[in-house]
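# What the coordinates show
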Amino acid sequence: MNHKDIKMMTPMTLGLLLVMAAGGVVAVYRLLFGLGAATNLNDIWPWGFWIGFDVLGGVAMAAGGFIIAGAVYILNWKKYKPIVRAAILNAFFGYVLAASSIFFDIGRSFRIWHPMVMWQINSIMFIVAIHVVLYTTTLATESSPMIFEKFKMTGAHRFVNSIMVPIVLFGVLLSTLHQSSLGAVYLIIPSKLSPLWYSSRLPYLFLISAVFMGLSMVSFETILSSRVFKHKPPMDILTGMARGSLIVAVLYFVLKVWDLVSGPGIGAAFTGRFTANMYLLEMVIGVLLPLLLLSLKEFRTRLNSIFAINILVIVGIMLNRLNVGIFGLADYAGRFGLDYFPSLMEIILTAAMIAFAFVGFKFCVKYLNLFPEAEH
């Protein structure tokens, strides 16, 4: 892969920059005129697309960072070293997406720094906030060697590398706690969230599904970047992650079925109601189909089938986050005659942040040593 062959100003990049510009206009409008003017949120739907997709989904997509970093730096699985920098960088962008969305979603955005100095240790919201701050900082530190290499800061590079194992260990601890704590947030609304998703096991379900999503997201990004930046896809790494995904898929399936049977019962998923149909859609796309395909060796060892499975898992787990964050509240909100669909501004701002991640990743591929062990 020759970095000089990567062109920054392509039609696709220009399109992404236009989306980012539109998002900037929406961001200014939101800060000037408030949540009510920019979103379709209300007192019954206080959290919507920015929380369900950007925060719950964005953090789950970032789980690959702590998984691959832990595998390489703690377990010393050297096979995965060629993708560790890309996995950490993508996790960083995922957390930037989540942090930015929280900034715009809270009523008084410029007070977002308060949890760092006004500790409320008995609040699950404080735990989530402090985890976002600490883990985003940790991911930035884990990515810093690329910057130090670029500017030939040998002393700083050597120092960070010398403490990389404890940094990664701290990051794994933080991310594990954070993935589960996002599920724990929804334990405070037992009367609002549908019993199809409300459960005391929600933190464990969030953690396991995040690992499933993280592995699939890293695999998806590895295949996509190999196609876009013209380097050979590492099949041994991709098949290894597919085997790991199979193990997690089995665990996730068992826990989901157990949660359904011991909770509302299997019949609750077949009532024909909107929430029941959304539950079945999530299970089919994000659990059953990936589990079936991963269990067949010919599917988990072929590039195109791995790519298709990754897409199923990403869509399915994202649907789970939207179900917990939005759709699972539909029955409760219906009692008040209210419904919710994200406004155009909510969608544009989210699209702008995703566009920023794409452009940022491309910038890093061109100017930093992101794939140090890829073929040149």
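So, here is what we can say about the structure in this document. (Residues numbered from 1 in each chain as written. Predicted model: local features only at pLDDT ≥ 70, side-chain atom pairs only at ≥ 80, totals over all residues. Heavy atoms only, no water.)

### Focus on the packing of aromatic side chains
Put simply, the test is: Aromatic rings from Phe, Tyr and Trp, with only the six-membered ring used for Trp, were paired whenever their centres fell within 6.5 Å, and each pair was classed as stacked if the ring planes differed by under 30 degrees, edge-to-face if by over 60, and tilted otherwise. Should the NZ of a Lys or the CZ of an Arg lie within 6 Å of a ring centre and within 35 degrees of the ring normal, that charge is described as sitting over the ring.
Applying the stated criterion across every chain, the model contains 18 aromatic pairs. Within the aromatic cluster, the residues linked to one another by ring pairs are F92, F93 and F356. In this structure, K366 is placed above the aromatic ring of Y367, and the distance from its NZ or CZ to the ring centre is 5.6 Å.

### Details of helix α5 (residues 81-105)
This is how the line gets drawn: Helical segments are the DSSP runs of H or I of at least four residues, strand segments are the runs of E of at least two, and each set is numbered from the N terminus. How far a helix is expected to stretch is found by multiplying one less than its residue total by 1.5 Å. We call a residue buried when its accessible area falls under 20% of the maximum for its residue type, exposed when it is over 50%, and partly exposed in between, using a 1.4 Å probe and counting protein chains only.
Taking 1.5 Å per residue as the helical rise, α5 with its 25 residues ought to reach 36 Å, and the 37 Å between its terminal C-alpha atoms agrees with that figure. A large share of α5 lies buried, amounting to 18 of its 25 residues.

### A short note on the packing of helix α7 (residues 124-150) against helix α8 (residues 154-162)
In plain terms, the rule: Axis definition: a line fit to C-alpha positions, over the contact stretch in the case of helices; interaxial angles, taken between N-to-C directions, run 0 to 180 degrees. Orientation categories follow fixed angle ranges, with anything under 35 degrees roughly parallel, anything over 145 roughly antiparallel, 65 to 115 roughly perpendicular, and all other angles oblique. Crossings are sorted by hand: turned counterclockwise from the far helix by less than a right angle, the near helix makes the crossing left-handed, and turned clockwise it makes it right-handed. Contacts are residue-level and defined by heavy atoms, with any inter-residue pair within 4.5 Å sufficient. Only Asp, Glu, Lys and Arg are considered charged in this grouping, and only Ala, Val, Leu, Ile, Met, Phe, Trp, Tyr, Cys and Pro are considered nonpolar; every other residue, Gly among them, is considered polar.
Where α7 meets α8, the closest approach of the two axes is 9 Å, and the angle between their N-to-C directions is 155 degrees. If you check the angle between α7 and α8, you find them roughly antiparallel. Read as a crossing pair, α7 and α8 show a hand that is left-handed. Two secondary-structure elements touch here, α7 through T141, S144, P145, F148 and E149 and α8 through A156, H157, V160 and N161. Of the residues belonging to the contact of α7 with α8, the class tally is four nonpolar, four polar and one charged.

### Here we look at the nonpolar core
Where we set the bar: What makes a nonpolar core is a set of buried Ala, Val, Leu, Ile, Met, Phe, Trp, Tyr and Cys residues whose side-chain atoms join them at distances within 4.5 Å.
Counting residues in each nonpolar core, the largest one holds 86 residues, and the members touching the most others are I68, Y186, L193, F212 and M241. Per element, the largest residue contribution to this core is 12 residues, and it comes from helix α10 (residues 202-228). For M241, the contacting residues outside a window of four places in its chain are I68, Y80, I83, L215, V218, S219 and T222. Within the second largest apolar cluster, 13 residues are counted, among which are A86, L89, F93 and L368.

### Let's talk about the packing of helix α3 (residues 49-61) against helix α16 (residues 344-367)
The N-to-C vectors of α3 and α16 enclose an angle of 15 degrees; their axes lie 10 Å apart at closest approach. Relative to α16, α3 is oriented roughly parallel. In the crossing of α3 with α16, the sense of the turn from one axis to the other is right-handed. Of the residues in α16, those in contact with F49, W50, F53 and D54 of α3 are M345, E346, I347, L349, T350, M353 and I354. A per-class count over the contact of α3 with α16 returns eight nonpolar, one polar and two charged.

### Looking at the environment of S225
Locating S225 in the fold gives a position in helix α10. Taking the relative accessible area as the measure of exposure, S225 reaches 5% and is therefore buried. C-alpha separation for the pair S225 and L294, spaced 69 residues apart in sequence, amounts to 22 Å. Look past the residues within four positions of S225 in its chain and what remains in contact with it is K230, H231, F361 and F371.

### A closer look at the pattern of salt bridges
Opposite charge on two side chains allows them to pair when their charged atoms are near. The test is simple: Here, a salt bridge means any Lys or Arg side-chain nitrogen found within 4 Å of an Asp or Glu carboxyl oxygen.
In this structure the tally under the stated criterion is four salt bridges. Between R85 and E149 there is a salt bridge, with its nearest N and O atoms 2.6 Å apart. With a gap of 64 residues between them, R85 in helix α5 and E149 in helix α7 connect regions that are remote in the sequence. For R85, a relative accessible area of 18% corresponds to the buried category. Since its relative accessible area comes to 29%, E149 is described here as partly exposed.

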